[in-house]
Amino acid sequence: MLYMELCKHYFFVCSKFGDIFDEEFFIYALRHHVNVVRELPADILERFDNNISNIVNLRVKGWSSPTYYLQKVLPRLLELGAVRIAPFSNRLAHAVPSEIQGLRCLSNFGALRFSEPIRTLAAKMVDKMIQNASTSGGKYISVHLRFEEDMVAFSCCVYDGGEEEQREMDIARERSWRGKFRKKNRIIRPGAIRMDGKCPLTPLEVGMMLRGMGFDNNTSVYVAAGKIYKAEKYMAPLKQMFPRLETKDTLASPEELAPFMGYSSRLAALDYTICLYSEVFVTTQGGNFPHFLIGHRRYSYEGHAKTIIPDKRKLAQLFDSPHIRWESFQRQLREMLHHSDVKGSEIRKPSASLFMYPMPDCMCKQAAAKNSTR
């Protein structure tokens, strides 16, 4: 039995599972494996004074084995009637029996689909991207751009280096991570962070990278992002290099986006869908969004999805080489692109995530997983 009430807070705005995903489809797809319920049975809820906050929260260690759940979690569940597990992410080991792995595949790639309002608007936006890319056979590339203010602040990287930027970043860090960056003996070295490839790429750097890889100004580009830091300043060069650039705000009207505004997860779902159907997906920073999207694309396109995962350490060296010639820059970017293409159908290693590397665990059983949802 799975008690399904997922709630994610973004600035005190809550999205439940059904706001983002299709609940009916999820329950139906898993009907032969898990009994999914929307609410706890009344007799069980009464044991906790009708307050789910009173349910015992089991602090399960990350990457725990199935044996741990059978020996430690199941007895408590049978005793109490209900338990909570929080945090919930990454609580199960990578290496598990094939029947559990198969359920993982079904849950992630077969049972999860976005809610009807998200699917409807996302489909319209994808159609517009395809229409706008008619000169290239309806093919477009998508870029996950992580250059929001909180991302820039958390990175501790320096961009224009001015007093205004420093003041804004100090305020942003204090607002979101109270005192974390002011701890005694904490030394921040922006230059070292950049050379280690951990700085978010600026829109200009993304544009230079794509041009170096061979994408010209006729390429249709979709940028998936939150609110870009100083967007008017930083997005201008990227738009100049790629005039056919689109975002949520250009593909959908304010009226169409209104029901999603203020809900980060629902807006991200629109971005996710448009990126899923792109010819090429470009990730510029880590995180759950590209992690799951890369795996989803590999699964959906049977290992043939084109994904660009740039070597950001190499990029930092190239961008910071004042005397590099365009021919040399371009040659090294083409090599980087080739390396990404080669790794596109990579088989999962024992310690790697199934959700990013679905081959072979999910790919070989793809047909069976699809049939079980019918």
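This section reports on the structure supplied with the text. (Residues numbered from 1 in each chain as written. Predicted model: local features only at pLDDT ≥ 70, side-chain atom pairs only at ≥ 80, totals over all residues. Heavy atoms only, no water.)

Turning to helix α11 (residues 231-241), its buried residues number three or more, namely Y234, M235, L238 and M241. All buried residues of α11 fall inside an arc of 110° around its axis, so they share one side. Opposite the packed face of α11, turned more than 90 degrees from it, sit the exposed residues E232 and Q240. Structurally, α11 contributes buried residues whose contacts are with α8 (163-177), α10 (203-212), β8 (221-224) and β9 (245-246). (Buried < 20%, exposed > 50% of the residue type's maximum accessible area, 1.4 Å probe, protein only. Helix = DSSP H or I, 4+ residues; strand = E, 2+ residues; numbered from the N terminus. Arc of directions from axis to C-beta. Contact = heavy atoms within 4.5 Å.)

Looking now at the pairing of β8. Along any regular strand, the residues point their side chains to alternate faces of the sheet. Going residue by residue along β8, you find V221 and V223 tucked away on one face and Y222 and A224 tucked away on the opposite face as well. Direction of pairing for strand β7 (residues 141-144) relative to β8: parallel, over a ladder of four bridges. Looking at β8, one finds that I141 is bridged to V221. Summarising the sheet, β8 and β9 pair through two bridges and their orientation is parallel. By the bridge assignment for β9, Y222 is matched with E246. The parallel pair β8 and β9, bridged by α11, forms a crossover whose chirality is right-handed. (Pairing = 2+ DSSP bridges. Right-handed = clockwise from strand over helix to strand, strands pointing away.)

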